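These are the residues of each chain, in order.
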Amino acid sequence: MQLIISRFVRFSVALSVCFFFSFKNSNTMELSPQNWQTPSISKIETEIFRLINRHRAAVGLKPLQLSDIESSAALEHSGNMASGKISFGHAGFSERIKAIEGRLGSTSASAENVAYGHLNAKQVVDVWLQSTQHRKNMEGDYHFTGIGVAKGKDGNMYYTEIFTK
């Protein structure tokens, strides 16, 4: 199992977040994978990771380890939402976990948080903390995490965090 702690934090501007579970494809706006990330987006991922682990430490939990493999899966999901290939939500979650397991080995538990809007890292983490289920994921008995952020043509940022044990 190879884990590389190497994500950089991504920056964005702040405003709205929605948490809806949507499993239908809707918008077909095209956005190529190379446009999903910019250097500033990398910074927000690192900051989300830092804030999640700071919260976990504050409630007596061990820090999560950042996995490049999970981060790649999270980024792909965020990019697909940002491009309109899939609707905002958790569609394909079990396939993402199977792909991660194919590279890292089996997992005994997994979860995912998603968000979107014009938000900075602190606002994303704060919104997740205000949601019972998202907070439960952040405070869960997980060892690894991956974070991916992508920007859509409309300027909205899409955030995905995957947790595994």
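Worth saying up front: this structure is predicted, and the values here are computed from it rather than measured.

1. Some details on the layout of surface pockets
Counted as a void, the second largest pocket has a volume near 160 Å³. Along the walls of the second largest pocket sit I69, S72, A73, E76, H77, N80, I86, R96, A99, I100 and R103, which together make up its complete lining. For the lining of the second largest pocket, the elements supplying multiple residues, two or more each, are α2 (68–83) and α3 (93–104). Take the lining of the second largest pocket: its biggest share by element is six residues, from α2.

2. Some words on the pattern of salt bridges
The final tally for this structure, using the stated rule, is five salt bridges. For E47, the salt bridge identified is with R50, shortest N-O distance 2.5 Å. Residue E47 and its partner R50 are both found in helix α1 (residues 39–58); the two are separated by three residues, about one turn of the helix. Assessed through its relative accessible area of 39%, R50 is described here as partly exposed.

3. Let's talk about the sheet that holds strand β1 (residues 65–66)
Strand order in the open sheet made by the four strands is β1-β3-β4-β2, with mixed pairing throughout. At either end of the open sheet lies a strand with only one pairing partner, and these are β1 and β2 (110–117). Sheet topology note: the β2/strand β4 (residues 157–164) ladder contains eight bridges and is antiparallel. Its bridge partner being in β4, S110 is matched across the sheet by T164. Taken strand by strand, helix α4 (residues 121–130) contacts β2 and β4, and its axis lies near 125° from that of β2.

4. As for the confidence of the model for the protein
Should pLDDT be low for a region, the predicted coordinates there are not to be read in detail. Per-chain confidence: the protein averages 80 in pLDDT, with 76% of residues scoring 70 or above. Of the regions scoring below 50 in pLDDT, residues 1–37 engages in 129 contacts with residues more than four places distant in sequence or in other chains.

5. What to know about the nonpolar core
Grouped together as the largest cluster of nonpolar side chains are 23 residues, with contacts concentrated most on I48, W128, V149 and Y159. Counting residues per element, the ones that place at least two in this core are α1, β2, α4, β3 (144–151) and β4. A per-element tally of this core places α1 first, with six residues. If you look at the next biggest cluster of nonpolar residues, it comprises eight residues, including L75, M81, I86 and V114.

6. Considering the pairing of β3
Burial of β3 is extensive: seven of the eight residues sit out of reach of the surface. The pairing of β1 with β3 spans two bridges and is classified as parallel. When the sheet's bridge partners are listed, Q65 is paired in β3 with F144. The sheet contact formed by β3 and β4 spans eight bridges and is antiparallel. By the bridge assignment, T145 is partnered in β4 with F163. Counting the residues that bridge the hairpin from β3 to β4 gives five residues, and of these G155 lies at a positive phi of roughly 95°.

7. Things to note about the pairing of β4
Looking along a regular strand, one sees side chains alternate from face to face of the sheet. Of all eight residues in β4, eight are buried; the element is thus mostly enclosed. Here β4 shows two buried faces, one formed by M157, Y159, E161 and F163 and the other by Y158, T160, I162 and T164.

Cut-off values and rules
- Residues numbered from 1 in each chain as written.
- Predicted model: local features only at pLDDT ≥ 70, side-chain atom pairs only at ≥ 80, totals over all residues.
- Heavy atoms only, no water.
- 1 Å grid on protein atoms, 1.4 Å probe; cavity = no way out; pocket = protein on both sides within 12 Å on 5 of 7 lines; lining within 4 Å.
- Points joined across faces, edges and corners; volume = space filled by probe spheres on them.
- Helix = DSSP H or I, 4+ residues; strand = E, 2+ residues; numbered from the N terminus.
- Salt bridge = Lys/Arg side-chain N within 4 Å of Asp/Glu carboxyl O.
- Buried < 20%, exposed > 50% of the residue type's maximum accessible area, 1.4 Å probe, protein only.
- Pairing = 2+ DSSP bridges.
- Contact = heavy atoms within 4.5 Å.
- Axes fitted to C-alpha atoms, helices over the stretch in contact; angles between N-to-C directions.
- pLDDT = per-residue confidence, 0-100.
- Core = buried A, V, L, I, M, F, W, Y, C linked by side-chain atoms within 4.5 Å.

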